[in-house]
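Report on the structure
For reference, the chains in residue letters:
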Amino acid sequence: MRLIRSLWFWVPVILAVVWLARCAHAAEPALVATPRAIVLPVSATNRPFLAAARTEQAVALEAAGYSESEFQVSGLADISDWSAAGNAPVVRTADVPYTTRMLLRRPNDPRKFSGLVIVELLDASTLYDRAPLWGLSSQQFLRHGDAWVGITVRPSALAALRRFDPVRYGALGFAYNQAADCRSSDLRRNPADAESGLAWDMIAQVGALLRSSSKENPLLDLNPHSLVAAGYAQAGADVTTYANTMHALLRRGDGAPIYDGYLSAASALFTAPINQCAPPLTATDARRGVLPRDVPFVAVSTETDFNQLPVLRRADSDAPEDLFRLYEIAAGAVAGSWPTGTPSAADLRIAGFTPPTDACSEPRSTLPQGLVFNAIWQQYADFLASGHALPNLPRIETLDDGGARRDEAGNTSGGWRLPQLEVPLARYARGTPRDGNDAAAACSLGSTQQPFDAARLKSLYHTRVEYLRRFRAAVDAAVKEHRLVAADGEALKVAQASTAPQF
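Cut-offs and rules
- For every chain, the first residue of the written sequence is number 1, and numbering continues from 1 onward in sequence order.
- Totals for whole chains, interfaces and linings use every residue, but because this is a predicted model, local features are given only for residues with pLDDT of at least 70 and side-chain atom pairs only at 80 or more, for both listing and counting.
- Note that the side-chain values use all heavy atoms of the structure and ignore hydrogens as well as water.
- Secondary structure follows DSSP: runs of H or I at least 4 residues long count as helices, runs of E at least 2 residues long count as strands, and numbering of each begins at the N terminus.
- For a compact globule the rule gives 2.2 Å times the number of residues to the power 0.38, and the radius of gyration it is set against comes from C-alpha atoms.
- The classification of residues rests on relative accessible area computed with a 1.4 Å probe and restricted to protein chains. Under 20% of the type maximum is buried, over 50% is exposed, and intermediate values are partly exposed.
- It only takes one pair of heavy atoms within 4.5 Å for two residues to be counted as in contact.
- Working definition of accessibility: Shrake-Rupley area with a 1.4 Å probe, residue cover restricted to the visible protein chains.
- Lys and Arg are tallied as positive, Asp and Glu as negative. Neither His nor the chain termini are counted.
- The atoms used to mark charge sites are NZ of Lys, CZ of Arg, CG of Asp and CD of Glu.
- By convention in these notes, a salt bridge is any Lys or Arg side-chain nitrogen within 4 Å of a carboxyl oxygen on Asp or Glu.
- Stacked, tilted and edge-to-face are the three classes applied to pairs of Phe, Tyr and Trp rings, where Trp contributes its six-membered ring and a pair requires centres within 6.5 Å; stacked means planes under 30 degrees apart, edge-to-face means over 60, and tilted covers the rest.
- Either the NZ atom of lysine or the CZ atom of arginine qualifies as a charge over a ring when it sits within 6 Å of the ring centre and within 35 degrees of the ring normal.
- Working definition: a disulfide is two cysteine sulfur atoms within 2.5 Å of each other.

Description of the overall build of the chain
The helix and strand inventory of the chain stands at eleven helices and 15 strands. Computed over C-alpha atoms, the radius of gyration of the chain comes to 23 Å, within 12% of the 23 Å expected from 2.2 N^0.38 for 503 residues, which places it in the range of a compact globule. Seen along its three principal axes, the alpha-carbon backbone of the chain occupies a region of about 70 × 50 × 50 Å. Split into buried and exposed, the 503 residues of the chain put 57% on the buried side. In the chain, the share of contacts with a sequence separation of at least 24, taken over all contacts with a separation of at least 6, comes to 76%. Here the chain displays about 20400 Å² of accessible surface, and carbon together with sulfur accounts for 54% of that area. Counting 49 positive and 51 negative side-chain charges, the chain places the averaged centre of each group 3 Å from the other.

Some points on the environment of Leu198
Here Leu198 is to be found in the loop between helix 2 (155–164) and helix 3 (199–211). Taking relative accessible area as the criterion, Leu198 reaches 0% and is therefore assigned buried. With 75 residues separating them in the primary sequence, Leu198 and Asp123 have C-alpha atoms 16 Å apart. The contacts of Leu198, once residues within four sequence positions are left out, are Ala77, Asp78, Ile79, Val96, Pro97, Tyr98 and Phe174.

Here's the deal with the pattern of salt bridges
A complete count under the given rule lists 29 salt bridges for this structure. Asp238 serves as the salt-bridge partner of Arg154, at 2.6 Å between the closest nitrogen and oxygen. In this pair, Arg154 is assigned in the loop between strand 7 (147–151) and helix 2 and Asp238 in helix 4 (residues 234–245), connecting sequence segments 84 residues apart. Arg154 sits in the buried class, given a relative accessible area of 9%. Asp294 is the partner of Arg251 in a salt bridge, and the nearest nitrogen-oxygen pair spans 3.2 Å. Of this pair, Arg251 sits in strand 9 (residues 250–251) while Asp294 sits in the loop between strand 10 (261–265) and strand 11 (297–302), and the two are 43 residues apart along the sequence. By relative accessible area, which is 7% here, Arg251 ends up buried. In the salt-bridge network here, residues are joined through shared partners; they are Glu70, Arg101, Asp129 and Arg168.

A few points about the packing of aromatic side chains
Considering all chains together, one arrives at 17 aromatic pairs under this definition. Plain terms: the ring middles of Tyr467 and Phe471 are 5.9 Å apart, the flat faces sit at 35° to each other, and that makes the pair tilted. On the criterion of helical spacing, the pair formed by Tyr467 and Phe471 is a turn pair, its members being four residues apart in helix 10 (residues 464–480). Residue Tyr467 shares its accessibility class with Phe471, and that shared class is buried. Taken together, the ring pairs in this structure connect Trp134, Phe141, Trp148, Trp377 and Tyr380 into an aromatic cluster. Its end group placed over the ring of Trp82, Arg287 keeps NZ or CZ at 4.4 Å from the ring centre. Above the ring of Phe324, the side-chain terminus of Arg314 is found at 4.3 Å from the ring centroid.

Things to note about the state of the cysteines
Applying the stated rule across the entire model yields two disulfides. Paired by a disulfide, Cys182 and Cys277 hold their sulfur atoms 2.1 Å apart. Sign of the S-S torsion, about 40° for the bond between Cys182 and Cys277, identifies this disulfide as right-handed. Of this pair, Cys182 sits in the loop between helix 2 and helix 3 while Cys277 sits in the loop between strand 10 and strand 11, and the two are 95 residues apart along the sequence. Residue Cys360 pairs covalently with Cys443 via a disulfide, S to S 2.0 Å. Negative torsions about the S-S bond denote left-handed disulfides, and the value of about 115° found for Cys360 with Cys443 makes this one right-handed. Within this pair, whereas Cys360 is found in the loop between helix 5 (345–350) and helix 6 (370–386), its partner Cys443 is found in helix 8 (residues 437–444), the two being separated by 83 residues in sequence. In the chain, the bonded cysteines, taken in the order they occur along the sequence, pair up as 1-2, 3-4.

This is the structure:
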């Protein structure tokens, strides 16, 4: 099934697509099948994992005019591999059944729908579903009128769902019996009876469903004009792999792409092999970077992963077949805080996990990284709706050893800068891990905050009044340069006026 070949006379002639820098032949696109979608009931005792009301910080969807629903999505997918020459993907095993889940949050009133759908590949870095991008930008999605879809893409996360509720999620699975010579030593992350490579067709099919005239399409009455596939951390690597391997191959009936754009964030430290048995691509392999395609691709790095993948740190491009932006968040961290996108502690325990605790000895950074993503989503929406140019912003400045250059306050120089860095009250840096190897790894992905004392603040600003004046000016500059959404800027001014310390 991968797909039904587009042989009808009305399909436009397919133009050659560059898969890789060394690709010798273009792949022939094919029509994507629409999967089945069944609504899963919700009650007090039968609820979705990662429901908006069951996260670390609940979101009142009804008050915003939104509703939430969950679907069981089933179809047939192929397992792909790289060709012998290492170019375009080829089918290794066809027509493997899969069943996953799709979580939907949408405006109830079609008149309040922006036309944009964010399809977030849920992150399974922790072996269970998280929604970092929803957690960072739920406020922006709700006020802009966007629809949000979260889909489970990893076998490990499906296993966690089945532990959470074996009845509700008992049918979910990417079942496939792996050969003995390619079974992973980490069976929790890569189960021997499952195949992560089924995700690529599934991602395309979910997008096809959301654009279809099927009665099972939960967005049928909204008629979306743009779909963006997005992911954070491991899911960000999944987005890159899908865009590089399947974007040109898996198409709509008229030859148009399934997704109108991509966003991959905090993904430089993660890999997403084309199938579960394929060896990970090296850091210098072009397929780990972002390759040309006919829709925009926005990559976002944080300070803790910004210079870890050389092929990702490529130049921005406005070429029609390679529209690309890389934004690097100064003082940002892969392991940030997104409580509205993290399952509640109670639900994590039901699924068999111990809720995470702070891995660093120092206080966690309170830098509002989500404000950067709000601005990115606003710019992305403006581009897709009206062609408004995506901004070019400086990259993080580096030293000879590749590390970040520091300014006089000890904070990162360059990059996408929030007003808290332009007019700082603290130094943002990596912290000291607590005891244990797991803590060391987690702490290295986070950022801590070391507040300046009163003497330092007086030397920088003389008075609190002067600090607030400079902070407000920095906010206004960020809004003008599209580094902040105007509504976020005004809220920042109000918050800082009441929370800035006396000195």
